[in-house]
Amino acid sequence: MARTRTRFVCQKCGSEAARWLGRCPDCAEWNSMVEEMAPPPRTTTGPSMPQGAPQPIEDVSMETWSRTPSGIAEFDRVLGGGVVPGSLVLIGGDPGIGKSTLLMQACANLARTGRTLYVTGEESAQQVRMRADRLDAVVPDLYLGAETDIDIIEAHAQKLKPRYLIIDSIQTVHDPSGTSAPGTVSQVRACCARLMRLAKTTQVTVFLVGHVTKEGTLAGPRVLEHMVDTVLYFEGDRFQSYRILRAVKNRFGSTDEIGLFEMGDTGLREVVGASELFLSQRPEHGAGSAVVAIIEGTRPLLVEVQALVTRSFLSSPRRTTTGIDFNRAAMILAVLEKRCGLRMADKDVFVNVAGGLKVVEPAVDLGIAVALASSYRERPVDQRLVVTGEVGLAGETRSVHQTDRRLREALRMGFKRALVPGPRPRAGDDLRGLEIHEARTVREAIDAALVTGPAPAEEDDVFADFTPD
Ligand code: TYD
Ligand code: MG
């Protein structure tokens, strides 16, 4: 008789080893290897995708690509324009962020276009019903099941033949024939593979909810990301009401779109005026705050960059950034020090994008530089000024793409002046309401952005060492 074989599987990345290791050789996580039964050797090497003879590319049917709108425009935007039949979508996020709420709201709309099965392994059917009641999602063709056994879920799906299947969450589902414990990587992976097969063979669209660990990765099964068609992350500050849905992988669309929601008493509400949301709590006439026009996906957005520059009491001054790349901020600090004569070496510096948004676009550079200079000099930035532009190492400004679209958004939001890298082609007539300043260097930009006039009355002696350039 063959002896039972075991193997050790990293619970973080799914890497396998024949013996126990203290540290995973692949992802370098400590103490993550767990002993699991090795699966019986496969007798046939059947592919997980439906098989078919190769055919000319023109003859391949595109039918399955017709998308169905979920009825939630922000959700559709992130999905790439709607729900694709037969796709497998993973939605990750911290517990309590609103994944179940979002999917329940989507279900309410999707059930109008086809039968929908919502399988919950986390809550009882009663709890889900209560939530659905509140979200106005009690609709005829929405079926509810409280189940964690993948065999039974599959059987339900075969019988009901739903067009949409929601699994909340994938970590609670287990395969009873599997040899490892529920919740382990092998289990989650096996269940995901079976759902994938189900999606590809029956054209049901499957949404999987996945929990995220403290470190910010999908708990255990990072491997899932490779298996599914689309990976969305639902993020946001639990202490604030808005939420951001972001695509990190999408086989059916771009990954730079974000969806914006606000959590309220009746569930998630789409945010229409995103710029209004991000600028709503902007301080009036405060130093160290600049409004930047960025493009998130296809959408222009105005966000506030805040900076605080204070005297440091540490031998190596503190630099902290939230929402922007740390190295980018360090580069801009160096440019300010070297090219603009601002002495940053002995200052603690904090830079923050208000509202919890993460900005990766270089177009935010000039805004950061202006906000830093504003805090350094204790002079506010003109309240009605919007900034956009990249900063180069020589202290020059560099133009960014789609400037006109950014400026139109600024105009819509009531801004009167814009600071952009120059020189640039003449702006269109629709931007006539905006006074456009072209700055060739960061130094010029700072001069144009900061409010002039006598130095603030209560200037801190922290800045006594400041020599005007
Ligand atoms: P939930 O969708 O259960 O989160 P997840 O599935 O990601 O764990 O959302 C839970 C939170 O949302 C909870 O703190 C309550 C809040 N909430 C509202 O504020 N309003 C609502 O209408 C609903 C349904 C939830
Ligand atoms: Mg939930």
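All residue numbers refer to positions counted from 1 along the written sequence of the respective chain. Here chains are named by letter from A upward and ligands by number from 1 upward, in the order in which they appear as written. Totals for whole chains, interfaces and linings use all residues, but because this is a predicted model, local features are given only for residues with pLDDT of at least 70 and pairs of side-chain atoms are given and counted only at 80 or more. Only heavy atoms go into the side-chain values, all of them from the structure, while hydrogens and water stay out.

Chemist: Give a description of the packing of helix H8 (residues 326–339) against helix H9 (residues 365–377) that names residues and reports values.
Modeler: Axis lines are fitted to C-alpha atoms, over the contacting stretch for helices. Their N-to-C directions set the angle, which ranges from 0 to 180 degrees. Note on conventions: DSSP H or I runs of at least 4 residues are helices, E runs of at least 2 residues are strands, and numbering of each starts at the N terminus. Where H8 meets H9, the axes come as close as 10 Å, and the angle between the chain directions of the two elements is 55°. Looking at the two axes, H8 sits oblique to H9. As H8 runs across H9, the sense of the crossing is right-handed. Residues Arg-328, Met-331, Ile-332, Leu-333 and Leu-336 of H8 touch H9, and the partners they reach there are Asp-365, Ile-368, Ala-369 and Leu-372. In this classification, the charged set is Asp, Glu, Lys and Arg, the nonpolar set is Ala, Val, Leu, Ile, Met, Phe, Trp, Tyr, Cys and Pro, and all remaining amino acids, among them Gly, are polar. Considered class by class, the residues forming the contact of H8 with H9 number 7 nonpolar, no polar and 2 charged. If an angle is under 35 degrees, it is roughly parallel; if it is over 145, roughly antiparallel; if it lies from 65 to 115, roughly perpendicular; otherwise it is oblique. Working rule for handedness: look at the near helix, and if it is turned counterclockwise from the far one by less than a right angle, call the crossing left-handed; if clockwise, right-handed. We call two residues contacting when some pair of their heavy atoms lies within 4.5 Å.

Chemist: For the site of ligand 1, give the residues involved together with the corresponding values.
Modeler: In the vicinity of ligand 1 lie 16 residues, with Gly-96, Lys-99, Ser-100, Thr-101 and Gly-264 positioned nearest. The backbone of Ile-97 places a nitrogen or oxygen atom 3.4 Å from an oxygen atom of ligand 1. The Shrake-Rupley method, run with a 1.4 Å probe, gives the accessible areas here. Residue values count only the displayed protein chains as cover. Coverage of ligand 1 by the protein amounts to 75% of the 560 Å² it exposes when considered alone. Contributions of two or more residues to the shell around ligand 1 are made by helix H2 (99–110), helix H3 (125–134) and strand S11 (258–264). Taken together, the residues that form the shell around ligand 1 break down as 4 nonpolar, 7 polar and 5 charged. For this purpose, a residue is taken to be near a molecule or strand whenever a single non-hydrogen atom of the residue falls within 4 Å of it. Polar contacts here mean pairs of N or O atoms no more than 3.5 Å apart (in protein, one a potential hydrogen donor and the other a potential acceptor; neighbouring residues in sequence count only if both atoms are side-chain atoms).

Chemist: Would you mind going over the side chain of Thr-116 in detail, with residue names and values included?
Modeler: Within the fold, Thr-116 resides in strand S5 (residues 116–120). For every residue, the accessible area (1.4 Å probe, protein chains only) is compared with the maximum for its type, and the residue is labelled buried under 20%, exposed over 50%, or partly exposed between those bounds. Residue Thr-116 is classed as buried on the basis of its relative accessible area of 0%. Within the local environment of Thr-116, its side chain forms a polar contact with the backbone nitrogen of Ala-111, the two atoms lying 3.5 Å apart. Looking at Thr-116, its side chain comes within polar contact range of the main-chain oxygen of Gly-114, at 3.1 Å. Ignoring sequence-local partners within four residues, the contact set of Thr-116 consists of Cys-107, Leu-110, Ala-111, Asp-141, Leu-142, Tyr-143, Pro-162, Tyr-164 and Ile-166.

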